[in-house]
Amino acid sequence: MTRPLQRPKRKDPLKKTRVPLLPQGVRSRTALGLTAAAAEGRFRLQVCADCAAVIYPPRDACPRCLSARLPFRDVDNRGTLLAETTIRTSTDVYFRERMPWRIGTVQLDAGPSIVAHLHGDLREGERTRLQLKIDKSGQAIAMALPAEDTPNMADDPQWRELTCDPKFRRVLITDGRTAVGQALAEAVSEAGASVIFVGVADPWKPFPGEGRLRKIERVEIVALDLTDTISVNECAGEFAPRVDILINTAEYVRTGGLIDRKGLTVAREELEMRYFGLTRLAQAFGPVLRARGADGVNSAAAFVNLLSVYALVNWPAYGAFSATEAACLSAAQSLRAELRQGGVKVLNAFFGPLETEWYQAVPPPKVAPSALARAVVRALQQGLEDVFVGDIAEDIRARLAVDPKALERELGS
Amino acid sequence: MGAPDLLAFAGAVAAGDIEVVDLTHTLSPDFPTIVMPPELGQCAPFRMEEVSRYDERGSAWYWNNISMGEHTGTHFDAPVHWISGKDLANNSVDTIPAANFIAPAAVIDISRQSAANADYELTVADVTAWEKQHGRIPPRSWVLLRTDWSKKIGRDYVNMREDGQHTPGPCPEVVRFLVEERDLHGLGTETIGTDAGQAFHFNPPYPAHYYMHGKGRYGLQCLANLDLLPPTGAVIVAAPLKIRRGSGSPLRVLALVPRSHA
Ligand SMILES: [Zn+2]
């Protein structure tokens, strides 16, 4: 049984913060199909389109029929742990710090056997669920879990190394004025975050939900205005070393394309809040996050971006807004590569119209702020890189995969 | 009479016989700006981006790029700011005659009334009562409304409630009276706006803006230190930035106050 995680003590100020080391490992280009699956929490392997063989490790030709048609497909993730090994010594600097480390061979019911990292509650000969995960270096690896959930399962050290669980971590929610910011404060509090800093800009302006926000357990309101470089820098100066998960809840939603908006005042506000806000956060909090990726139980773990799914393809009814979201997505991809050096993940949560005032005229289905918040917390607990929340987001993603041009035209008509 | 002796004036300033009182708030990102309904255009708050600070971006020098709205912080309103003044001659900050940037001040103290009632409206009776004590307001004078509002900070300063802002200001009649009967130079207030917080509901809405700017008169807003001024005798130096067709500008507002040394 997994030993429940203990709330980490305050850090010994005389102790050096360990440099985040990354596990080694280079995968082929083909194997990035595993990364893509792991990023979204899917279990996908290559399945031969000609002979239906399930293939692992990833290859360019089917070992059974030599076909080159080997798309990644969702595959049954159940299997049996055939053999386990506990590594007690390693020359790899990453694993040396984390010894002992258990790995084993899992025979999948679907066919191939896979070398996987092992959850502490799984024993040789037992049935298992295999998951693809992204490790600290951004590589896809397989992790074998017990067939059924066990108590305190998420506290397993090898599992926690792959996830960004808010439990006992310190979270910054950058904008508490929004319904989504407030829902997230509530959700990460329930998920066991040890403190939730919630940024509030223009404190002289009252806002709906304020009373409730202040009552959420372990919430601390901090001054933070994402449109103001000085404010972001001051907030980081005070709190950055105590932020393990940063969730950027800044939003700026306005209708209209490029022509219908008169002048740039709104566009500037939108970019200030969203694109430059993200840039300010990256510059102010990024360096500390990146340096603290291996800082114990409450190591820096994740930077979360909330992105409209129309970052992926423009929705002209909210055309200028979509363009700004696209800029934020591109920036988030850069940030992901930059933070990976410190073993810190970037989680992008994509969603369609929200059940909020600025989407008032949009017909349902819409995403409730609480549903988005729960999805973000789940994605952190799973260590995902991308999550699509709600019917619209999933629909856009599916249609984009089939025919981007057709989708562009459909959204514009 | 010969030419005025400006050296004597400068000497009096240097000696403190003329005190220079700064009526300006510091321009900073967290100073509140006027808030319009969110679907309308908004005045940009003050922002500052460091260009270099003796570092790799410029080794021996420190400087910033700044941005703000024309009506951010302690600022000047030109007649073109309001629709009623849009067609007047010399109605923008770049065309206002420079001599108009220096004018005497009449300081009317309604701080007691404002403390009791955040929606207090200055009336004609207040002005005539003041004149009984201090004499008739000279033509082309700034009327500065002392409310001590500048001593409040944050939420108390803006005083935003669900039905909008609640801050003191002039009633419509007194603005007309000051402009038409007293040839007012302009109105200066400590609050965000020369009008009361609830002036949207007045008739006409925003009477100070409407009547003053319609007659080519000026406004000063977010002033500080009005409590350091005498009711009469101070001279205001308030020169906005020379922005082409600008409707206003942040500025440094100085009051020259003679001090008698008994
Ligand atoms: Zn095959």
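As the structure is a computational prediction, the values presented were derived from the model and not from experiment.

### Some thoughts on the coordination of the zinc ion
Residues and elements named next belong to chain A.
And then number 1: Around the zinc ion, the protein supplies Cys48 (SG), Cys51 (SG), Cys62 (SG) and Cys65 (SG) as donor atoms, at distances of 2.3 Å.
And then number 2: The site at the zinc ion holds four donor atoms, and with the angles between them running 103 to 117°, its shape is tetrahedral.
And then number 3: Read N to C, the donor residues that coordinate the zinc ion are spaced as C-x2-C-x10-C-x2-C.
And then number 4: Judged by relative accessible area, which is 3%, cysteine 48 ranks as buried.
And then number 5: Accessibility expressed as a relative area gives 23% for cysteine 51, which makes it partly exposed.

### Quick notes on the sheet that holds strand E14 (residues 345–351) of chain A
Note on sheets: strands pair through backbone hydrogen bonds, and any given pair is parallel or antiparallel.
Residue and element names in this part refer to chain A.
And then number 1: Taken in spatial order, the seven strands line up as E11-E10-E9-E12-E13-E14-E15 in an open sheet, and their pairing is parallel. Edge strands, defined here as strands with exactly one partner in the open sheet, are strand E11 (219–223) and strand E15 (386–389). Averaged over all pairs of adjacent strands, the angle between their axes in this sheet comes to 20°, without regard to strand direction.
And then number 2: Set on the sheet, helix H4 (residues 179–190) makes contact with strand E9 (170–173), strand E10 (195–200), E11, strand E12 (245–248) and strand E13 (302–308); between it and E9 the angle comes to about 170°.
And then number 3: Where helix H10 (residues 391–402) meets the sheet, it contacts E14 and E15, and its direction lies at approximately 120° from that of E15.

### What about the domain arrangement of chain A?
Residues and elements named next belong to chain A.
And then number 1: Under the domain assignment, chain A is made up of domain 1 (32–45 + 75–160) and domain 2 (170–411).
And then number 2: Taking the mean C-alpha position of each, domain 1 and domain 2 sit 30 Å from one another.
And then number 3: On the domain 2 side, the residues contacting the 14 residues of domain 1 number 14 residues.
And then number 4: Taking both partners together, domain 1 and domain 2 bury about 1,100 Å²; carbon and sulfur atoms supply 39% of that area.

### Structural notes on the interface of chain B and chain A
And then number 1: At the interface, 15 residues of chain B touch 16 residues of chain A.
And then number 2: Summed over both sides, the interface of chain B with chain A buries roughly 1,300 Å², with 55% coming from carbon and sulfur.
And then number 3: In this structure, A:Glu210 and B:Arg155 form a salt bridge, with 3.1 Å as the shortest nitrogen-oxygen distance.
And then number 4: Connecting chain B to chain A are five residue pairs in polar contact (both at pLDDT 80 or more).
And then number 5: Residue assignment for the side of chain B that touches chain A shows that the elements contributing at least two residues are strand E2 (47–55) and helix H4 (154–158) of chain B.
And then number 6: Class assignment for the residues of the side of chain B that touches chain A results in seven nonpolar, three polar and five charged.

### A few points about the packing of aromatic side chains
Residue and element names in this part refer to chain A.
And then number 1: Taken as a whole, this structure holds 17 aromatic pairs over all chains when the rule is applied.
And then number 2: Consider the rings of phenylalanine 350 and phenylalanine 388, whose centres lie 4.9 Å apart with planes at 15°: the pair is stacked. Highlighted residues: phenylalanine 350 in strand E14 and phenylalanine 388 in strand E15, separated in sequence by 38 residues.
And then number 3: Given the relative accessible area of 14%, phenylalanine 388 is considered buried.
And then number 4: An aromatic cluster of at least three residues, connected via ring pairs, comprises Tyr310, Trp315, Tyr318, Phe321 and Tyr359.

### Side note on the pattern of salt bridges
Between side chains of opposite charge, a pair can form as their charged atoms come close.
Residues and elements named next belong to chain A.
And then number 1: Summed over all chains, the structure comprises 45 salt bridges over all chains.
And then number 2: Between arginine 397 and glutamate 40 there is a salt bridge, with the nearest N and O atoms lying 2.1 Å from each other. Of the two residues, arginine 397 sits in helix H10 while glutamate 40 sits in the loop between helix H1 (32–39) and strand E1 (44–47), which places them 357 residues apart along the sequence.
And then number 3: For the salt bridge of glutamate 410 with arginine 399, the shortest nitrogen-to-oxygen distance reads 2.7 Å. Note that glutamate 410 is positioned in helix H11 (residues 404–411) and arginine 399 in helix H10, a separation of 11 residues in sequence.
And then number 4: Classification of glutamate 410 by relative accessible area gives partly exposed; the value is 43%.

### Looking at the layout of surface pockets
All names here are of chain A.
And then number 1: There is about 1,600 Å³ of room inside the second largest pocket.
And then number 2: What lines the second largest pocket is a set of 47 residues, and nearest its centre among them are Pro8, Asp295, Gly296, Val297 and Asn298.
And then number 3: Broken down by secondary-structure element, the contributors of at least two residues to the lining of the second largest pocket are strand E5 (101–108) and helix H3 (157–160).
And then number 4: At three residues, the largest contribution of residues to the lining of the second largest pocket is made by H3.
And then number 5: Split by residue class, the lining of the second largest pocket holds 11 nonpolar, 11 polar and 25 charged.

### So, the sheet that holds strand E8 (residues 140–146) of chain A
All names here are of chain A.
And then number 1: Around the barrel, which closes on itself, the five strands sit in the order E4-E5-E6-E8-E7 with mixed pairing between neighbours. Within the sheet, the average angular offset between the axes of one strand and its neighbour, ignoring direction, is 45°.
And then number 2: Pairing of strand E7 (residues 127–134) with E8, which is carried by seven bridges, proceeds in the antiparallel orientation. Bridge pairing in E8 links glutamine 131 to methionine 143.

Reading guide: rules and limits
- Residues numbered from 1 in each chain as written.
- Chains lettered and ligands numbered in written order.
- Predicted model: local features only at pLDDT ≥ 70, side-chain atom pairs only at ≥ 80, totals over all residues.
- Heavy atoms only, no water.
- Donors = N, O, S within 2.8 Å, 3.2 Å for Na, K, Ca; no water.
- Tetrahedral: all angles 85-135°; square planar, octahedral: opposite > 155°, others 65-115°.
- Buried < 20%, exposed > 50% of the residue type's maximum accessible area, 1.4 Å probe, protein only.
- Pairing = 2+ DSSP bridges.
- Helix = DSSP H or I, 4+ residues; strand = E, 2+ residues; numbered from the N terminus.
- Axes fitted to C-alpha atoms, helices over the stretch in contact; angles between N-to-C directions.
- Contact = heavy atoms within 4.5 Å.
- Domains from an automatic or database assignment.
- Buried area = accessible area lost by both parts, 1.4 Å probe.
- Salt bridge = Lys/Arg side-chain N within 4 Å of Asp/Glu carboxyl O.
- Polar contact = N/O pair within 3.5 Å; in protein donor to acceptor, adjacent residues only side chain to side chain.
- Nonpolar A, V, L, I, M, F, W, Y, C, P; charged D, E, K, R; others polar.
- Phe/Tyr/Trp six-rings, centres within 6.5 Å; stacked < 30°, edge-to-face > 60°.
- 1 Å grid on protein atoms, 1.4 Å probe; cavity = no way out; pocket = protein on both sides within 12 Å on 5 of 7 lines; lining within 4 Å.
- Points joined across faces, edges and corners; volume = space filled by probe spheres on them.

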